[in-house]
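Spelled out from the first residue to the last, the chains are:
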Amino acid sequence: MLRILVIEDDPEAANYLVKGLSELGHTADKAGDGETGLQMALESEYDILIVDRMLPKRDGLSVIEELRKSGNHTPVLILSALGQVDDRVTGLKAGGDDYLPKPYAFTELQARVEALARRPKTASQIETTYTVGDLTLDRMAHSCRRGETEIPLQPREFRLLEYLMQNAGQVVTRTMLLENVWEYHFDPQTNVIDVHISRLRGKIDKGFGAPLLHTIRGAGYTIRDAAQ
Amino acid sequence: MTRLSRVTRTTAFKLSLLYIAVFTLLSGFLLVYISQNTDNLMSEQVVQTIDAELNGLSDIYVRGGVRDLVQTIDRRSRHPDASLYLLVDFAGNALAGNIARLPTLVLEEADGGLRRVHYTRQGQDISDVERQAMVRTFELRGGFRLLVGRDLGEQLRFSNLLANALRLWLIVVVVMAAITWIFVSRRVMKRIDEITDTSRTIMTGDLTERLPVAGNDDEFDRLAVSLNTMLDRIELLMRSMKDVTDNIAHDLKTPLTRLQIRVESALRDAESGEGYRTALEDTLSETDQLLRVFNALLRIARIEAMAPGDGLERVDVKSLVSEIAELYEPLIEDEGGVLEINVTDGVFASCQKELVVQGLVNLIENALKYGRPSEGDLKIRLSAKEKDARIVLSVEDNGSGIPDEQQERVQDRFVRLDESRSEPGTGLGLSLVKAVARLHGGNLRFTNGNPGLIARIDLSPAEPGSGGNSNGQDGHGSGRDTSTDG
């Protein structure tokens, strides 16, 4: 369960977010303007902040900058109608951790929020090995094995699996994969990501027992051990 | 009055006035300085000569008496130089000398002081009355008075010469200023007026008008050329703005209407929750498609509005191409095709990497959709090479190509040659590629490869050694283990 603060001035959008997040079992508060949002974020402990870029009284980016200045490092997801690459860059430079252009699908938002919450906060917290079921990814040795079998991976396949396992148990959307594994910020019209996933699936799931890599219809993918 | 004030308000007029003022002041200063100094110098010399002669003559008087003095003066008076002498006795009778007439006061006040006097020289004609001289008069023992002087004619002539030079110089300056003024107002101001007039016409709405270029490559030509380039760009922007509005009106209204019909009919007909659900799901997928179109449109508009040179970085073309190849190879293979890449090493482009990638991706996706040959396997070739100081990126397929007359049209927004619109798509992919190419100072060009279509865009090469990101590392997972971007 996460404590989330939604700073958004449009009441309909804010209510929709709060309701959706509560249904997922998170606690969500909302603030209607930048000033209140900053106050609330400073006063109580939140796991995630969802900040709209254009807010009355104080704009979203300045809220984030102010927070960071006061030493608050709560992960921030920026929501904005401005979705171009340069807008993202400004957003991320201001201290945001992820950037979601409006309009968005709620599943996308959920996936990103959960990925942010799982994100290691300091370098020492970055794990060197990820394990899901009997699948192990060793980031130092750059190797992957399932059970006793060594699985050879291409560099990009390694990055793909690494990202999925970093977010094990969470839904990861196609856009998130394109952004984080390939570092591209556009919307391909074809199912290019699906093909990479299916290749990866062929390597890590095919011929082994229960599949670990799952497709979540209409949302994306997740890696998880069915037994867990 | 208005005409006069119009003239006096021009830059040309003000410049000419300033020119006159500055030159007059400077040359006046120079001439005054010269004449002052030479005057002083000459006067000093005169005084020195006079004093020397006086000393000599008084010595002669002391030694040889008045007779010797008279003889010496007589002798010296015969030299035709500028020296003047006069010796008179106590009654004022001239004993010797070469001065015929001079104000009596000078001899009466024989106090040894220097004076400037008018005099007449002996043996000169009458017209020469008004000569000037610097004289010193002494009273000698025995009531004699001795006058020694120097004619100032030389000095005065020199002063006159300088004064005349100054006058002449002023006239020259004024004439030059007038000529400058005429030149500036005729040639230069005329060009500025032309530019002003044309820009007025353009401001009233005729964006096709262009500034005249005289063709002599002066600064006005350069100004006109760059203003014309700016106008070209503005015209393009205005036109594409208009196109977008037209196309939005046409192409976005259709799906919006469909959406409306769907919602209305669901409200009217659906009896069960299931019916509503289906209707809502359809609506959602329709809005997704609409949003995709809308985003694509906005993106194109954004790219078109960007200034050329914005956010350029130095990009290794080989790694850019291989990244794309790496992303698309599996997909193309799954579709039963082959992706070939053909890139020269060490080619660096100055570009916005993300946009170029998206442009190439769109071309590849187009090739995947429409470039399939009627028989045999799909072959896509992605190549990059340097040609004529441009970096040409091309995507080639082996399909049926695009008829020559359609090759321009497909680059327009919403144009899809697939009349049935059976393949999913927005008809905006190539418009985006075109906008990206334009942003990089290039163009999107098609040629038919018989078989197949070759789509090319061109980029500027990066300055060698210029800063920026070489993007040299080609996605090697190692060396990235501190990456926390998530």
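**A look at the overall build of chain B**
When its secondary structure is counted, chain B shows nine helices and 13 strands. Taken across its 486 residues, chain B has 38% of its residues classed as buried. Entry remark: accessible area of chain B is about 27900 Å², with carbon and sulfur atoms responsible for 56%.

**Thoughts on the sheet that holds strand 6 (residues 129-132) of chain A**
All names here are of chain A. Spatially, four strands are ordered 6-7-8-9 in an open sheet, and the strand pairing comes out antiparallel. Looking at the sheet topology across the chains shown, the edges are occupied by strand 6 and strand 9 (149-150). Strand direction decides the pairing type here: strand 7 (residues 135-138) and strand 8 (residues 143-146), joined by four bridges, are antiparallel. Its bridge partner lying in strand 8, Leu135 is registered against Arg146.

**Description of helix 6 (residues 155-166) of chain A**
Residues and elements named next belong to chain A. With 12 residues, helix 6 extends 16 Å from end C-alpha to end C-alpha; this agrees with the ideal 16 Å at 1.5 Å per step. Taken across its 12 residues, helix 6 has 11 buried, putting it largely inside the fold. Every buried residue belonging to helix 6 is among Arg156, Glu157, Phe158, Arg159, Leu160, Leu161, Glu162, Tyr163, Leu164, Met165 and Gln166, and all of these are buried.

**Considerations on unusual backbone geometry**
Residues and elements named next belong to chain A. Across the junction of Lys102 and Pro103, the peptide omega takes the value -10°, indicating a cis bond. Relative to the helices and strands, Pro103 resides in the loop between strand 5 (98-101) and helix 5 (106-118). Here Glu183, not a glycine, exhibits a phi torsion of approximately 60°, which is positive. Mapped onto the fold, Glu183 is located in the loop between helix 7 (174-182) and helix 8 (192-204). Glu183 sits in the partly exposed class, given a relative accessible area of 34%.

**Looking at the packing of helix 6 (residues 273-305) of chain B against helix 9 (residues 429-439) of chain B**
Residues and elements named next belong to chain B. It is the contact of helix 6 with helix 9, at a shortest axis distance of 9 Å, that shows an interaxial angle of 15°. By the angle between their directions, the pair helix 6 and helix 9 is classed as roughly parallel. Judged by the sense of rotation from one axis to the other, the crossing of helix 6 with helix 9 is left-handed. Contact with helix 6, carried on its side by Arg299, Ile300, Ile303 and Glu304, involves Ser431, Leu432, Ala435, Val436 and Leu439 of helix 9 and no other residues of that element. Residue classes in the contact of helix 6 with helix 9 are distributed as six nonpolar, one polar and two charged.

**Points about the environment of Ile60 of chain B**
Relative to the assigned elements, Ile60 of chain B resides in helix 2 (residues 11-77). Among residues more than four places away in sequence, those in contact with Ile60 of chain B are Gly65, Asp68, Leu69, Thr72 and Arg76 of chain B.

**Comments concerning the sheet that holds strand 6 (residues 145-151) of chain B**
Residues and elements named next belong to chain B. Pairing within the open sheet is antiparallel, and its six strands lie in the order 2-1-6-5-4-3. Both outer strands of the open sheet, strand 2 (94-97) and strand 3 (99-101), are each paired with one neighbouring strand and no more. For this sheet, the mean angle separating the axes of adjacent strands, direction not counted, is 40°. Bridge analysis of strand 1 (residues 83-88) against strand 6 gives six bridges, and the strand direction is antiparallel. Residue pairing in the sheet places Ser83 in a bridge with Arg150 of strand 6.

**Quick word on a nonpolar patch on the surface**
All names here are of chain B. Taken together, the side chains of Leu18, Val22, Phe23, Leu26, Leu168, Trp169, Ile171, Val172, Val175, Met176 and Ile179 make up a nonpolar region of the molecular surface, amounting to roughly 1000 Å² of accessible area. Listed by contribution, the elements that provide at least two residues to the nonpolar patch are helix 2 and helix 4 (153-203). Of all the elements, helix 4 adds the most residues to the nonpolar patch, at seven residues. As for its placement among the helices and strands, Val172 is situated in helix 4.

**As for the pattern of salt bridges**
Side-chain pairs of opposite charge can arise where the charged atoms are in close proximity. All names here are of chain A. All told, the structure shown has 39 salt bridges over all chains when counted by the stated rule. A salt bridge links Lys19 to Glu23; the nearest nitrogen and oxygen atoms lie 3.3 Å apart. Residue Lys19 and its partner Glu23 are located together in helix 1 (residues 11-23), separated by four residues, close to a single helical turn. Under the relative-accessibility criterion, Glu23 is labelled exposed at 60%.

**Concerning the environment of Asp187 of chain A**
By secondary structure assignment, the location of Asp187 of chain A is in the loop between helix 7 and helix 8. Sequence-wise, Asp187 of chain A and Arg174 of chain A are 13 residues apart; in three dimensions their C-alpha atoms are separated by 9.4 Å.

**A closer look at the confidence of the model for chain B**
Residue and element names in this part refer to chain B. Across chain B, the average pLDDT comes to 80, with 90% of residues at 70 or higher. Here helix 1 (residues 2-9) stands out as the element of chain B with the lowest mean pLDDT, 68, in contrast to helix 7 (residues 317-334), whose mean of 90 is the highest. Taken as a whole, residues 467-486 scores under 50 in pLDDT and shows 42 contacts with residues more than four places along the chain or in a different chain. Here the complex is predicted with pTM 0.62, and the ipTM for its interfaces comes to 0.82.

**Looking at the packing of aromatic side chains**
All names here are of chain A. According to the stated counting rule, one finds four aromatic pairs over all chains in the structure shown. Centre to centre, the rings of Tyr16 and Phe106 are 5.8 Å apart; their planes meet at 70°, and the pair counts as edge-to-face. With Tyr16 in helix 1 and Phe106 in helix 5, this pair connects stretches of sequence that are 90 residues apart. Accessibility expressed as a relative area gives 45% for Tyr16, which makes it partly exposed. Plain terms: the ring middles of Tyr184 and Phe186 are 5.6 Å apart, the flat faces sit at 20° to each other, and that makes the pair stacked. Taking the relative accessible area as the measure of exposure, Tyr184 reaches 2% and is therefore buried.

**Side note on the nonpolar core**
Ranked by internal contacts, the top residues of the largest apolar core, which has 92 residues, are Leu164, Leu177 and Ile223 of chain A together with Ile324, Tyr328 and Leu393 of chain B. Discounting residues that sit within four places of it in the chain, Leu393 of chain B has contacts with Val317, Val321, Val356, Leu360, Ser383, Ala384, Ala455, Arg456, Ile457 and Leu459 of chain B.

**Some details on the side chain of Asn362 of chain B**
The topology assignment puts Asn362 of chain B in helix 8 (residues 353-370). Ignoring sequence-local partners within four residues, the contact set of Asn362 of chain B consists of Gly429, Leu432 and Val433 of chain B.

**What to know about the pairing of strand 6 of chain B**
All names here are of chain B. Burial within strand 6 is extensive, with six of its seven residues counted as buried. In this structure, strand 5 (residues 131-139) lies alongside strand 6, joined through seven bridges in antiparallel fashion. Within strand 6, the residue paired with Thr137 across the bridge is Leu147. Hairpin connection between strand 5 and strand 6: a loop of five residues separates the two successive antiparallel strands, and Gly142 in this loop has a positive phi of roughly 90°.

Criteria and cut-off values
- Residues numbered from 1 in each chain as written.
- Chains lettered and ligands numbered in written order.
- Predicted model: local features only at pLDDT ≥ 70, side-chain atom pairs only at ≥ 80, totals over all residues.
- Heavy atoms only, no water.
- Helix = DSSP H or I, 4+ residues; strand = E, 2+ residues; numbered from the N terminus.
- Buried < 20%, exposed > 50% of the residue type's maximum accessible area, 1.4 Å probe, protein only.
- Areas by Shrake-Rupley, 256 points an atom, 1.4 Å probe, with all protein chains shown as cover.
- Pairing = 2+ DSSP bridges.
- Expected span 1.5 Å × (residues − 1).
- Axes fitted to C-alpha atoms, helices over the stretch in contact; angles between N-to-C directions.
- Parallel < 35°, antiparallel > 145°, perpendicular 65-115°, else oblique.
- Left-handed = near helix turned anticlockwise from the far one by under 90°.
- Contact = heavy atoms within 4.5 Å.
- Nonpolar A, V, L, I, M, F, W, Y, C, P; charged D, E, K, R; others polar.
- Patch = residues over 30% accessible without salt bridge, like charges linked within 9 Å, V, L, I, M, F, W, Y side chains within 5 Å.
- Salt bridge = Lys/Arg side-chain N within 4 Å of Asp/Glu carboxyl O.
- pLDDT = per-residue confidence, 0-100.
- Phe/Tyr/Trp six-rings, centres within 6.5 Å; stacked < 30°, edge-to-face > 60°.
- Core = buried A, V, L, I, M, F, W, Y, C linked by side-chain atoms within 4.5 Å.

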